[in-house]
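Analysis of the macromolecular model
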Amino acid sequence: MRPVTRPNAPQTELPIRNNPSAQRAAGTVSFQDELNKQLQVRQQQPVTFSAHALERLRMRNIRLTQDDMTRLGSAIDRVAAKGGRESLVVYNDTAYLINVKNRTVITAVDKAHMQDHVFTKIDSAVFA
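Structure report, in brief. Since this is a predicted model, take the numbers as computed values, not measurements. (Residues numbered from 1 in each chain as written. Predicted model: local features only at pLDDT ≥ 70, side-chain atom pairs only at ≥ 80, totals over all residues. Heavy atoms only, no water.)

**Description of the overall build of the protein chain**
What counts is decided by this rule: Labels follow the DSSP assignment, with helices taken as runs of H or I lasting at least four residues and strands as runs of E lasting at least two, numbered in each case from the N terminus. Buried residues are those whose accessible area, probed at 1.4 Å on protein chains only, stays under 20% of the maximum for their type, while exposed residues exceed 50% and partly exposed ones sit between those limits. In this description, contact between two residues means that some pair of their heavy atoms is separated by no more than 4.5 Å. A 1.4 Å probe and the Shrake-Rupley method give the accessible areas. Residues count as covered only by the protein chains that appear here.
Within the protein chain, the regular secondary structure consists of four helices and five strands. Reading the protein chain from its N end, one meets helices and strands in the order α-α-β-α-α-β-β-β-β. The buried share among the 128 residues of the protein chain stands at 27%. Sequence separation of 24 or more characterises 56% of the internal contacts of the protein chain that already satisfy a separation of 6 or more. Surface exposure of the protein chain reaches about 9,900 Å², of which carbon and sulfur atoms provide 52%.

Right, dumping it as structure tokens:
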């Protein structure tokens, strides 16, 4: 009698993917690339104002130029990159309470109305 042996199965080698550029060439996207893409999309969204904020701007005669809007947007981008959710942005003697996720100014307080004003429920502050 002869012993029964199994035929040797062909051994396949698993591909080794140590090279990040090889992964990108294969069609996969790195986490950093996806994060940068999402941040860029978020940065392109405009800054909006709640009805309350618009009323405060009108009452306090606060006028914003396009440059002011750009600076507010830049401040929101910096806070978002650090993980802020509700932020106080101080710019040109005016404080803006901002919901970072929605890029929405919730209220605005000028220097004349800041006396004894307390800001609560914020997790970050930026001087723009």
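Moving on from the model shown.
**Digging into the sheet that holds strand β5 (residues 124–127)**
By definition, the strands of a sheet pair up through backbone hydrogen bonds, in either a parallel or an antiparallel sense. Definition in use: What makes two strands pair is DSSP finding at least two bridges between them.
Strand order in the open sheet formed by five strands is β1-β4-β3-β2-β5, and the pairing between neighbours is mixed. Bordering the open sheet on either side are β1 (48–49) and β5, each of which pairs with just one other strand. Relative to strand β3 (residues 94–99), strand β2 (residues 86–91) runs antiparallel, the two being bridged by six bridges. Across the sheet, residue tyrosine 91 finds its bridge partner in β3, namely threonine 94.

**Re the pairing of β5**
Only one face of β5 is buried: it carries Ser124 and Val126, and the other face, with Ala125 and Phe127, is open. Relative to β5, β2 is paired through four bridges, and the arrangement is parallel. Each residue of the ladder has a partner; that of valine 89, found in β5, is valine 126.

**Considering the environment of phenylalanine 127**
Structurally, the position occupied by phenylalanine 127 is in strand β5. When its relative accessible area of 67% is taken as the criterion, phenylalanine 127 is described as exposed.

**Regarding the pattern of salt bridges**
How we decide: One speaks of a salt bridge when a side-chain nitrogen belonging to Lys or Arg is within 4 Å of a carboxyl oxygen belonging to Asp or Glu.
Under the defined criterion, the tally for this structure stands at three salt bridges. The residue aspartate 77 makes a salt bridge to arginine 103 at a minimum N-O spacing of 2.7 Å. Taken together, the residues aspartate 77 in helix α4 (residues 66–81) and arginine 103 in the loop between β3 and β4 (104–110) connect sequence positions 26 residues apart. Given a relative accessible area of 1%, arginine 103 falls into the buried group.

**Details of the nonpolar core**
In summary, soluble globular proteins display a tendency toward joint burial of nonpolar side chains. The line we're drawing: The criterion is simple. A nonpolar core is a set of buried Ala, Val, Leu, Ile, Met, Phe, Trp, Tyr and Cys residues joined through side-chain atoms within 4.5 Å.
By size, the foremost hydrophobic cluster in this structure holds 17 residues, and its most contacted members are Phe49, Leu57, Val89, Tyr96, Ile98 and Val105. In terms of residues, this core owes the most to one element, α4, which gives four residues. Setting aside anything within four residues of it in sequence, one finds tyrosine 96 in contact with Leu57, Ile62, Leu64, Leu72, Ser87, Leu88, Val89, Tyr91, Val105, Thr107 and Ala108.

**Re unusual backbone geometry**
The backbone phi angle of asparagine 61 is positive, close to 55°, even though this residue is not glycine. Looking at where asparagine 61 falls in the secondary structure, it is placed in the loop between α3 (51–59) and α4. Overall, the relative accessible area of 52% leaves asparagine 61 in the exposed class. Phi at aspartate 93 takes a positive value of approximately 60°, unusual for a residue other than glycine.

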